[in-house]
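Spelled out, the chains give:
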Amino acid sequence: MTPYGLDNASSALVSGRWRIAGQWEDAPATVERFESRSPANTAEVIGVFPKADAATTRRAVQAARAAFDSWRRTSRIHRAECFDRLAKLIERDLEALAVLMAREAGKHISECRAEVIEGLHMVQYVFGCGRMPTGQIVASEIAEKDAYVWRKPWGVVAVITPWNFPFAVPLWMLGPSLLEGNTAIFKPSEDTPAIGQKLIELFVEAGFPPGVVNLLHGDGATGEALVRDADVNVILFTGSYEVGRKIQQLSAEHYDRIVAAEMGSKSAVIVCEDARLDLAVTASLLSAFKTSGQRCVSAGRILVAEKIFDAFASRFVELARRLRIGHPLDPSIFTGPVINRAAVEKVLRYNELAQQEGAEVLLPGGEMTDAEHRQGHYLSPFVYRLEAKPGVRCVREEVFGPHVALVPFRTLEDAIRIYNDTEYGLSVGVITENYRTMRQIREECQFGMGYVNLPCIGAEVHLPFGGVKKSGNGHPSAAGLVDVVTHKVAWTVNHGSEIRMAQGLTIGPIGEAP
Ligand code: UN1
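Residues numbered from 1 in each chain as written. Predicted model: local features only at pLDDT ≥ 70, side-chain atom pairs only at ≥ 80, totals over all residues. Heavy atoms only, no water.

Reading across the sheet, the 3 strands line up as 1-5-4 and stay open at both edges, with mixed pairing between neighbours. Of all strands in the sheet, those bounded by a partner on one side alone are strand 1 (14-15) and strand 4 (33-38). Contacts between helix 2 (residues 76-105) and the sheet are confined to strand 4 and strand 5 (41-50), with strand 5 contributing the most and set at about 110° to the helix. Helix 5 (residues 193-205) contacts strand 1, strand 4 and strand 5 of the sheet and is inclined by roughly 50° relative to strand 5. (Pairing = 2+ DSSP bridges. Helix = DSSP H or I, 4+ residues; strand = E, 2+ residues; numbered from the N terminus. Contact = heavy atoms within 4.5 Å. Axes fitted to C-alpha atoms, helices over the stretch in contact; angles between N-to-C directions.)

Okay, here's the thing in structure tokens:
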């Protein structure tokens, strides 16, 4: 037995393979490899994976293209039934999937179980959609005409996903895409290729036909080759603003390219004067430190009414100091490490920057170098007070780690102004008992997901998931993607024996003398 009760099977080294046109491919020895290592213990190698070059990427796109016609002609209900089989396999493997994810992504085991369930919910949703209406019947000016809004799949979809939700987010994208009759190429994050590969093994076992879902491993270069390929109709991306922007720039070269990009955030919880203090503190701790602050919706800012600031801050800091940070497979911890060395360095840079920008440090978190933590990328929470003022970077830019600003505000208008004063707009939580306040937050704050008396994390799959400004380009993920991966066509049928035109358009003389 290895630590935390892992048996040898669950800690066996994963051998990375591509899945193209219904075949598992072991890449030739000449192909460059990369390792996936556990962020909790960098000596632990999860697997070794081949980097797909441009020629391999091209083959995967061609395989998806070749499978498209027969998949789109398959009954929608039969396509949906593949997801019913997939749901059963995910239920069967829930624990093994969660353990692999905890080892590879460093997320706490209970968060990993919740994420597998979140992915399962998407699969169940998609299965259920199989028998739901897909278009619309609309009226026509002409009594004999029937008019419909019909939906068609775009074709080939590339799914490029982050490490922080390595199971649920790919399913948010693959689910609606495949249900609607598209075929796909999936490139998981280079930080979590093993869990990505495991997901595709389940798709294969569920009986999705060859070429319908293809798998490539690699980093930004593989992603770029996919984006540059003119045969890819849709790019579904979740990740940083910088990468999302580049995808949109490259995609402008393709006349029929759709990009749904879900990017960064500087989400916030707004704690109003009338808030229930315990609820406010719990919501804020979950928002800031679940997943060690590495959800795209994590709160980098807690805006607190000045009158209750001290009471809130002392309770928040006291509990943040006591959060147990440790190995993701230890059930008694609150959260695990951050994903890699670059993440540690980025958070430390922002901790430093906050101090340069005038922060009053309330909890001086940083790298954890004691015997329990030094094998991994562990950071303790960094909490500071900072008045809102123009141009301060640490309260505007995304940090993606356990780094949170407590910002006092005087009036609700101030809170709204401070909340909106960032280039992002993904998620907001408001803690209040006042229905007028709730409504004002909903109407005046810029966001995609709003939460009242809740953390600003914890979306569910049957809602659209996405943001505004730098956070997203207007095509939400999860259930919202059903619309993105299809194009709507108008379909009009005349049941009369003569032609009658809308708008009073006359037929006019056609060739014959009056
Ligand atoms: C993400 O962080 O990319 O809303 C997704 C949540 C989760 C999904 C987060 N359901 O916190």
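A word on the packing of aromatic side chains. Under the counting rule described, the total for this entry stands at 10 aromatic pairs. Aromatic side chains F34 and F49 sit 5.9 Å apart centroid to centroid with 35° between the ring planes, which places their arrangement in the tilted category. Here F49 lies in strand 5 and F34 lies in strand 4, a separation of 15 residues in the sequence. A relative accessible area of 13% places F34 in the buried class. Between W71 and F208 the ring centres are 6.0 Å apart and the planes differ by 50°, which places this aromatic pair in the tilted class. Within this pair, whereas W71 is found in helix 1 (residues 54-73), its partner F208 is found in the loop between helix 5 and strand 10 (213-215), the two being separated by 137 residues in sequence. Take W71 and F208: they sit in the same class, and that class is buried. Following the ring pairs from residue to residue traces out a cluster consisting of W71, F83, F203 and F208. A cation over a ring is seen here: R17 above W24, with NZ or CZ 4.4 Å from the ring centre. It is K107 that lies over the ring of F165; its NZ or CZ is 3.7 Å from the centre. (Phe/Tyr/Trp six-rings, centres within 6.5 Å; stacked < 30°, edge-to-face > 60°. Buried < 20%, exposed > 50% of the residue type's maximum accessible area, 1.4 Å probe, protein only. Lys NZ or Arg CZ within 6 Å of the ring centre and 35° of its normal.)

So, about the sheet that holds strand 16 (residues 382-385). Spatially, 7 strands are ordered 15-16-17-14-13-19-20 in an open sheet, and the strand pairing comes out mixed. In the strand order of this sheet, the two ends are held by strand 15 (360-363) and strand 20 (449-452), each with one partner. Strand-to-strand twist in this sheet, taken as the mean axis angle between neighbours without regard to direction, amounts to 20°. For strand 13 (residues 267-271) and strand 14 (residues 299-305), the ladder comprises 5 bridges, and the chain directions are parallel. Residue pairing for strand 14: S267 is matched across the bridge by A299.

Here we come to the domain arrangement of the protein. Entries for the protein in the domain assignment read domain 1 (32-134 + 154-263 + 473-486) and domain 2 (267-465). Between the C-alpha centres of domain 1 and domain 2 there is a distance of 29 Å. Contacts between the two partners involve 31 residues from domain 1 and, on the opposite side, 31 residues from domain 2. The junction of domain 1 with domain 2 conceals about 2500 Å² of combined surface from both sides, 63% of it contributed by carbon and sulfur atoms. At the junction of domain 1 with domain 2, the criterion picks out 1 salt bridge. When the shortest N-O distance is used, the salt bridge between E111 and R295 registers 3.1 Å. Counting every contact that joins domain 1 to domain 2 gives 12 residue pairs in polar contact (both at pLDDT 80 or more). At the level of elements, strand 5, helix 2, helix 3 (109-129) and strand 23 (477-478) are the ones that each hand at least two residues to the side of domain 1 that touches domain 2. Per element, the largest residue contribution to the side of domain 1 that touches domain 2 is 6 residues, and it comes from helix 3. A breakdown of the residues in the side of domain 1 that touches domain 2 according to their chemical character gives 16 nonpolar, 8 polar and 7 charged. (Domains from an automatic or database assignment. Buried area = accessible area lost by both parts, 1.4 Å probe. Salt bridge = Lys/Arg side-chain N within 4 Å of Asp/Glu carboxyl O. Polar contact = N/O pair within 3.5 Å; in protein donor to acceptor, adjacent residues only side chain to side chain. Nonpolar A, V, L, I, M, F, W, Y, C, P; charged D, E, K, R; others polar.)

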